[in-house]
Amino acid sequence: MGLLIRQRIHYDYQASVTNEEQAKSEQYYNFKMQQFPSEERPGASVFYKNDKGEVFHTYSTYGRGLENAMGIYVYLDLTPRGRHEEGPHPMAWVKHHDRYEQDYYADGGNTEKRAMTAGGSCCGGEQTK
Amino acid sequence: MTQTTAEHPKVVSQEKWLAARKELLAKEKELTRQSDALAAERCKLPWVKVEKDYVFDTPAGKKKLADLFEGRSQLVIYHFMFGPDWAEGCPSCSIIGDHIDGNAPHPANRDVTIMAVSRAPLAKIEGFKKRMGWRFKWASSFGSEFITTTRLP
């Protein structure tokens, strides 16, 4: 088994794959074999700890199972145009909040605005490196 | 972005709008009740005991999985896409980060610790957090490690 220095929780809970796995046509994600464009994958895992200090894994969700974690989508869904996500992948329009063209906050909070390729999201397009 | 479209739904009287809205409301309520039933079922999902000692780097030093609960009995880990050699975290995960930040104190007072974990080294995570103006807890699982060959099914 070798020297066990650290176990990465990401590999066990479908949130990362090794480079070798990523080179294959399909990897295990969201409880099935499928292709995903990045070795890092979005997910949420839930754990419970009892009085004895024992830890239990109770739940994990991936892909669109995380949509409820984005309450702002609720507001988009209330508008006549909805999400209108017509890009190369649904969330291609999403940028870091400091990189949008339009400053929402009056104090000019958008400090980054660095050159960013369209559809630069790592969830379906090019990964951010 | 401001956009106008030539095609849009019909413009109707207030009465007709109200009738259409109530029809949609009935469907919305049906979905809400289904969602409640699903949430109740989720609470009954069986558990699996975690036997591994996962180790994380945090601003307060090395922590085990059991330490991340911070005295609470429930822990939600968001697997934030931020690879060891990436310059920054994923934009789509960052919109989720925007939601966690500012909101985490609410579940923290309902026995739920919400935090993020990434494979990026802690220094990179801390730098990105500062840039994004975030304060939520975010641990790193970076480091030399033993990679399991048997994945949890």
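Residues numbered from 1 in each chain as written. Chains lettered and ligands numbered in written order. Predicted model: local features only at pLDDT ≥ 70, side-chain atom pairs only at ≥ 80, totals over all residues.

**Digging into the overall build of chain A**
Then comes step 1: When helices and strands are counted, chain A shows three helices and four strands.
Then comes step 2: Burial status across chain A gives 26% buried among its 129 residues. (Helix = DSSP H or I, 4+ residues; strand = E, 2+ residues; numbered from the N terminus. Buried ≥ 20, exposed ≤ 12 C-beta atoms within 10 Å, placed from the backbone.)

**Notes on the domain arrangement of chain B**
Interfaces are frequently sized by the accessible area removed from exposure as the parts join.
Then comes step 1: By the assigned domains, chain B splits into domain 1 (12-46) and domain 2 (55-140).
Then comes step 2: The centre of domain 1 of chain B, based on its C-alpha atoms, is set 33 Å off from the matching centre of domain 2 of chain B. (Domains from an automatic or database assignment.)

**What to know about the nonpolar core**
Then comes step 1: One finds B:Leu68, B:Tyr78, B:Phe80, B:Phe82, B:Met115, B:Ala116 and B:Val117 to be the most contacted residues of the largest nonpolar core, which totals 33 residues.
Then comes step 2: Every element with two or more residues in this core is listed here: strand 3 (43-49) of chain A together with strand 4 (74-79), helix 2 (91-100), strand 5 (112-118), helix 4 (122-132) and strand 6 (138-140) of chain B.
Then comes step 3: Ranked by residue count, the leading element in this core is strand 5 of chain B, at four residues.
Then comes step 4: Apart from residues no more than four positions distant in its own chain, B:Tyr78 is found in contact with A:Ala44, B:Ile96, B:Ile100 and B:Ala116. (Core = buried A, V, L, I, M, F, W, Y, C linked by C-beta atoms within 7 Å. Contact = placed C-beta atoms within 7 Å.)

**Comments concerning the pairing of strand 3 (residues 61-64) of chain B**
Residue and element names in this part refer to chain B.
Then comes step 1: Of the pairings in the sheet, the one linking strand 2 (residues 55-58) to strand 3 comprises four bridges and is antiparallel in character. Counted as the bridge partner of Thr58 is Gly61 from strand 3.
Then comes step 2: Between strand 2 and strand 3, which pair antiparallel and follow one another directly, the connecting turn spans two residues. (Pairing = 2+ DSSP bridges.)

**Points about helix 4 of chain B**
Residues and elements named next belong to chain B.
Then comes step 1: All of the buried residues along helix 4 are Lys124, Ile125 and Phe128. Taken down its axis, helix 4 places every buried residue within 100° of arc, on the same side. Those residues of helix 4 that are exposed and angled more than 90 degrees off the buried face are Ala123 and Lys130.
Then comes step 2: In the core, the buried residues of helix 4 are packed alongside strand 5 and strand 6.
Then comes step 3: Phi turns positive, to about 75°, at Gly133, one or two residues after helix 4. (Arc of directions from axis to C-beta.)

**Points about the confidence of the model for chain A**
Residues and elements named next belong to chain A.
Then comes step 1: On average, residues of chain A score 83 in pLDDT, and 78% of them are at 70 or above.
Then comes step 2: Between residues 1-5, whose pLDDT stays under 50, and residues either more than four places distant or in other chains, the model counts six contacts.
Then comes step 3: The low-confidence segment residues 125-129 (pLDDT under 50) makes 21 contacts with residues lying over four places distant or belonging to another chain. (pLDDT = per-residue confidence, 0-100.)

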